[in-house]
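# Observations on the model geometry
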Amino acid sequence: MSDQQSAAPVVAHTREEFKAAREALSSRDVAVVMTMGALHDGHARLIQAARQRHDHVVVTIFLNPLQFGPKEDLSRYPRTFDADMEICRAAGVDVVFAPTPDVVYPDGDPGVRVAAGPLGEVLEGASRPGHFDGVLTVVGKLLHITAARSAYFGQKDAQQLLLIRRMVRDLDFPVDVVSVPTVREADGLAMSSRNMYLTESDREVALCLSGALRAGADAAAFGPSAIRRAAREVLVEEPLALVSYLVLVHPHTLADVPEWYRGEALLAVAARVGTTRLIDNTPVLVGPGGGALDVFSDVPHARADV
Ligand code: AMP
């Protein structure tokens with residue numbers, strides 16, 4: 001079927017509706033793409049990747065209160081349900097599960113949560129205490145509820161992806177985690193639902209994040225300090241971006257890589273632009289012949305090859 005002819009997905013708001021829709025699918029080969037809504041081409045790419053490999057695709061749309069801090073943007077987070085449904089329809093999604101918090105957390109905030117551990121306390125976790133516990137708790141629940149065979153996540157949220165891989169491995173979730181490279185605007189800005197908050201001038205300022213990553217990756221052949229220096233030089237040119245961190249870290253431990261390090265590393269940046277906190281990253285191969293990578297090649301027990 002062409003985009004124009006795809007049938008609208010079944011929409012389920014309750015667990016019962018979802019169960020019925022899930023059972024009506026003709027095959028057990030189901031993949032899930034978890035989102036917070038305000039869908040864009042990055043989400044669409046995840047859906048398309050899942051669609052190519054599986055008989056059915058479930059998309060979840062859920063703004064998870066557990067992963068937002070008290071001063072964060074839960075109440076102003078963009079909600080664009082009708083447009084989201086159109087993207088899901090065009091991408092061939094079978095079922096959209098869009099529960100409210102009382103459906104996901106029928107007893108209120110859960111007393112028992114998944115603990116992200118030390119990897120959840122650095123980088124994003126350092127500025128957002130408890131964020132990754134909230135993320136992993138809801139991802140775990142949605143993996144159980146959807147009973148998907150594979151789950152697709154974006155490299156855009158590199159730390160989240162790493163922690164989900166760890167959870168799946170450490171807690172033996174029977175699911176295959178697949179990562180998808182970051183989708184960018186033509187000028188390099190990583191697509192994000194939060195880009196909607198940016199004013200026109202913020203939008204210009206925000207380009208320094210992807211610019212810094214590009215400059216860093218271009219210096220990959222010369223080693224870690226050259227990469228960090230090249231990226232930092234771009235950021236210092238833009239004083240309106242309030243940088244929270246710029247790091248070159250090991251992709252599995254998130255520890256800073258030493259100067260002698262050669263191999264795959266994660267170059268990641270976070271900054272506040274206007275009122276909006278933005279994150280971006282690129283996998284890089286450090287050393288002779290090195291440069292930017294789309295995804296990491298050697299993630300244990302999981303594929304990263306879309
Ligand atoms: P979110 O709705 O922001 O929670 O994102 C849902 C999923 O889409 C996560 O796996 C994200 O990593 C992924 N995602 C968000 N933005 C992008 C992007 N620009 N490129 C690829 N994946 C993305």
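What counts and how
- Residues numbered from 1 in each chain as written.
- Predicted model: local features only at pLDDT ≥ 70, side-chain atom pairs only at ≥ 80, totals over all residues.
- UniProt positions renumbered as here; feature names shortened; annotations may be inferred.
- Core = buried A, V, L, I, M, F, W, Y, C linked by C-beta atoms within 7 Å.
- Buried ≥ 20, exposed ≤ 12 C-beta atoms within 10 Å, placed from the backbone.
- Helix = DSSP H or I, 4+ residues; strand = E, 2+ residues; numbered from the N terminus.
- Domains from an automatic or database assignment.
- Contact = placed C-beta atoms within 7 Å.
- Near = placed C-beta within 6 Å.
- Nonpolar A, V, L, I, M, F, W, Y, C, P; charged D, E, K, R; others polar.
- Pairing = 2+ DSSP bridges.
- Right-handed = clockwise from strand over helix to strand, strands pointing away.
- Axes fitted to C-alpha atoms, helices over the stretch in contact; angles between N-to-C directions.
- Parallel < 35°, antiparallel > 145°, perpendicular 65-115°, else oblique.
- Left-handed = near helix turned anticlockwise from the far one by under 90°.

As annotated in an unreviewed UniProt entry, the protein chain carries the name Pantothenate synthetase and comes from Ornithinibacter aureus. You can read under Sequence similarities (unreviewed entry) in the UniProt record for the protein chain the words "Belongs to the pantothenate synthetase family." Of the comments in the UniProt record for the protein chain, the one headed Function (unreviewed entry) reads "Catalyzes the condensation of pantoate with beta-alanine in an ATP-dependent reaction via a pantoyl-adenylate intermediate."

Okay, the nonpolar core next. Val32, Val33, Val59, Ala151, Tyr152, Ile227 and Leu267 are the most contacted members of the largest nonpolar core, which totals 80 residues. A total of eight residues in this core trace back to one element, the largest contributor, which is strand 8 (residues 263–273). When we break this core down by domain, the ones giving at least three residues each are domain 1 (3–180) and domain 2 (193–292). Excluding anything up to four places from it in sequence, Val33 contacts His43, Leu46, Ile47, Ala50, Val57, Val59 and Tyr152.

Attention now goes to the site of the ligand. Residues in close proximity to the ligand total 17 residues, the closest being Gly42, Phe153, Gly154, Val183 and Met191. For the shell around the ligand, the secondary-structure elements that each account for two or more residues are helix 2 (41–53) and strand 5 (150–154). Per-element tally for the shell around the ligand: the top contributor is helix 2, with four residues. Of the residues that constitute the shell around the ligand, the class distribution is seven nonpolar, seven polar and three charged.

In terms of burial, strand 2 (residues 30–35) is a largely internal element, six of the six residues being buried. Of the strand pairs in this sheet, strand 2 and strand 3 (residues 56–61) are connected by six bridges, and their pairing is parallel. Directly across from Met34, in strand 3, lies its bridge partner Thr60. Once the chain exits strand 2 it traverses helix 2 before rejoining the sheet at strand 3, and the crossover so formed is right-handed. Note that strand 2 and strand 5 share three bridges and pair parallel. Within the sheet, the bridge partner assigned to Ala31 lies in strand 5 and is Ser150.

Across the interface, helix 8 (residues 200–218) lies against helix 9 (residues 224–236) with an axial gap of 7 Å and an inter-helix angle of 155°. It follows that helix 8 is roughly antiparallel to helix 9 by the angle criterion. Handedness of the crossing formed by helix 8 with helix 9: right-handed. Only Ile227, Arg228, Ala230, Ala231, Glu233, Val234 and Leu235 of helix 9 make contact with helix 8, whose side of the interface consists of Cys208, Gly211, Ala212, Leu213, Ala215, Gly216 and Asp218. Of the residues contributing to the contact of helix 8 with helix 9, the split by class is nine nonpolar, two polar and three charged.

Before going further, it helps to examine the pairing of strand 9 (residues 276–286). Consecutive residues of a regular strand have side chains that alternate between opposite faces of the sheet. The buried fraction of strand 9 amounts to eight of the 11 residues, a majority that puts the element mostly inside the structure. Taken together, the 11 bridges between strand 8 and strand 9 define a ladder with antiparallel strand orientation. When the bridges of strand 9 are listed, Ala268 appears paired with Asn281. Here strand 8 hands over to strand 9 after two residues, with Gly274 in that stretch at a positive phi of 60°. Here strand 9 pairs with strand 10 (residues 291–292) via two bridges, running antiparallel. Note that in strand 10 the partner of Val284 across the bridge is Ala292. Here strand 9 hands over to strand 10 after four residues, with Gly287 in that stretch at a positive phi of 125°.

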